[in-house]
Amino acid sequence: SDSKSILGIIEDDRKQNIIQLDLSGKGHTRITSEDAVYSNIQTNDAGQVVVLFSDPHTPAEIYTLENGKTKKLTHIHDGFLSTIKKIHVQGFQSVSADKNIVSGILYLPDDAARNLPLVLFIHGGPVAQDEYSFDQARQMLAAGGFAVAAVNYRGSSGRGYAYSKAIYGDWGNKEVQDIVGAANHLIKMGIADSNRLAIGGWSYGGILTNYTIAKDTRFKAAVSGAGSSFQFTMYGTDQYVKQYDDELGPPWRNFQKWVNLSYPFLNVQKIKTPTLFMASEKDFNVPVAGAEQMYQAFKYEGISTELIIYPG
């Protein structure tokens, strides 16, 4: 309210915290520093501030921010939380084959769980991050007896600009190393059973699911939602044509690049993982053709597969 600073929220390695940025150029002050996620900061004309807060055990609630301190205002989810099993959630770091350090979040039925079937639940984007906030889907899988890993592969946000841009024009390479490295780390720790690995995701998470099962045949099941593999098909049919032109060049000018990025479709005969493909009928973001093509390729090669297309 004094017009000397701006309140904001900053992503930082699985967290989102509130900062106060000095407009005179003197830097910033961290208002919060929790392993949690603040989001959607709002103010009114009187200068009062509210913000959403979530941690791994609490769905978003409204908090006030006064004099640099937060205070819980709502208790909307208390009844819901009293009825569900509390899942053990912990951060972890793994090292990929090329020595890249990857941050992730692990969901377990309890902290003593060992040798569990592992689900790698891969986020989309790719410029996004899995965070220390309440994640109902992953918690449901953990409650069902799975170890569930969220992996902030290269291309994710929260680790700086260079980390996000590391996969520029080179998809399905470094990210797969990071995903497989996380799986190997959890196997080595004794948490995951190397003979019971699964992977799934939506959008770029579905794309990475396809890339990963094309390079690593250990996965016993996969779910690829709103993904694509024969990337030529996406040019001019989805909303990313400017990105393709800038990052890859058009297919007729950089043909081999597009071939390299299409390796799951062009090497489908090497895939061993039974896979469920899912898509929305009228999705303009990642068109349904991406799932249909992989399903048809799997059917031709005799690989176990199913396809769900959601109307509309």
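Scope of this entry: the structure provided in the associated data block. Residue numbering note: each chain is counted from 1, following its sequence as written. Totals for whole chains, interfaces and linings use every residue, but because this is a predicted model, local features are given only for residues with pLDDT of at least 70 and side-chain atom pairs only at 80 or more, for both listing and counting. Heavy atoms from the whole structure form the basis of all side-chain values; hydrogens and water molecules are not counted.

### Let's talk about a nonpolar patch on the surface
A contiguous nonpolar patch, built from I6, L21 and L23 and spanning about 270 Å² of accessible area, is present on the exposed surface. Considering the arrangement of structural elements, one finds I6 in strand β1 (residues 5–12). Patches draw on residues past 30% relative accessible area with no salt bridge. Two like charges within 9 Å are joined, as are two nonpolar side chains (Val, Leu, Ile, Met, Phe, Trp, Tyr) within 5 Å. The protein chains shown are the only cover counted for residues, whose accessible areas, like all others here, come from Shrake-Rupley with a 1.4 Å probe. Any Lys or Arg side-chain nitrogen found within 4 Å of a carboxyl oxygen on Asp or Glu counts as a salt bridge. A run of H or I in DSSP counts as a helix once it spans at least four residues, and a run of E counts as a strand once it spans at least two, with each numbered from the N terminus.

### Let's talk about the packing of aromatic side chains
Here the aromatic set is Phe, Tyr and Trp, taking the six-membered ring for Trp, and pairing holds for ring centres within 6.5 Å; pairs whose planes are under 30 degrees apart are stacked, those over 60 apart are edge-to-face, and all others are tilted. All told, the structure shown has 16 aromatic pairs when counted by the stated rule. With centroids separated by 6.3 Å and ring planes inclined at 80 degrees, the aromatic side chains of F80 and F134 adopt a geometry described as edge-to-face. Taken together, the residues span a long stretch of sequence, with F80 in helix α1 (residues 78–81) and F134 in the loop between β10 (116–122) and α2 (136–143) at a distance of 54 residues. Exposure classes here rest on a 1.4 Å probe applied to the protein chains alone. A residue is buried below 20% of its type maximum, exposed above 50%, and partly exposed in between. Residue classification places F80 among the partly exposed positions, given a relative accessible area of 32%. According to the relative accessible area criterion, F134 is buried, its value standing at 16%.

### Here's the deal with the pairing of strand β6 (residues 58–66)
By definition, two strands form a pair when at least two bridges between them are found by DSSP. Pairing of strand β5 (residues 49–55) with β6, which is carried by six bridges, proceeds in the antiparallel orientation. The residue bridging F53 from the neighbouring strand is E61, located in β6. Note: β6 against strand β7 (residues 69–72), four bridges, orientation antiparallel. Counted as the bridge partner of E66 is K69 from β7. In this antiparallel pair of consecutive strands, β6 and β7, the connection spans two residues, and N67 shows a positive phi of 55 degrees.

### Some points on helix α5 (residues 204–215)
Along its 12 residues, α5 runs 17 Å from first to last C-alpha, staying within 8% of the 16 Å computed at 1.5 Å per residue. Those residues of α5 that sit buried are Y204, G205, G206, I207, L208, T209, N210, Y211, T212, I213 and A214. Given the number of residues in a helix, its expected span is that number minus one, multiplied by 1.5 Å.

### Focus on the environment of S33
By secondary structure assignment, the location of S33 is in the loop between β3 (28–30) and β4 (37–43). With relative accessibility at 63%, the residue S33 sits in the exposed group. Separated by 16 residues in sequence, S33 and N17 place their C-alpha atoms 5.9 Å apart.

### Points about the sheet that holds β10
Pairing between sheet strands relies on hydrogen bonds along the backbone, with the strands arranged either parallel or antiparallel. Reading across from one edge, β8-β9-β11-β10-β12-β13-β14-β15 is the order of the eight strands in this open sheet, with mixed pairing throughout. With partners counted over all chains shown, the strands left at the sheet margins are β8 (88–95) and β15 (305–310), one partner each. Neighbour-to-neighbour, the strand axes of this sheet turn through a mean angle of 20 degrees, independent of strand direction. For strand β9 (residues 101–108) and strand β11 (residues 147–152), the ladder comprises five bridges, and the chain directions are antiparallel. Within β11, the residue paired with Y107 across the bridge is V148. Contacts from α2 reach β8, β9, β10 and β11 within the one sheet, and its direction differs from that of β10 by about 170 degrees. Contacts are assigned to residue pairs with any non-hydrogen atoms lying within 4.5 Å of each other. Orientation is described by axes fitted as lines to C-alpha atoms, over the contacting stretch for helices, and by angles from 0 to 180 degrees between their N-to-C directions. Most of the contacts of helix α4 (residues 174–188) go to β8, to which it runs at about 115 degrees, and overall it touches β8, β9, β10, β11 and β12 (192–202).

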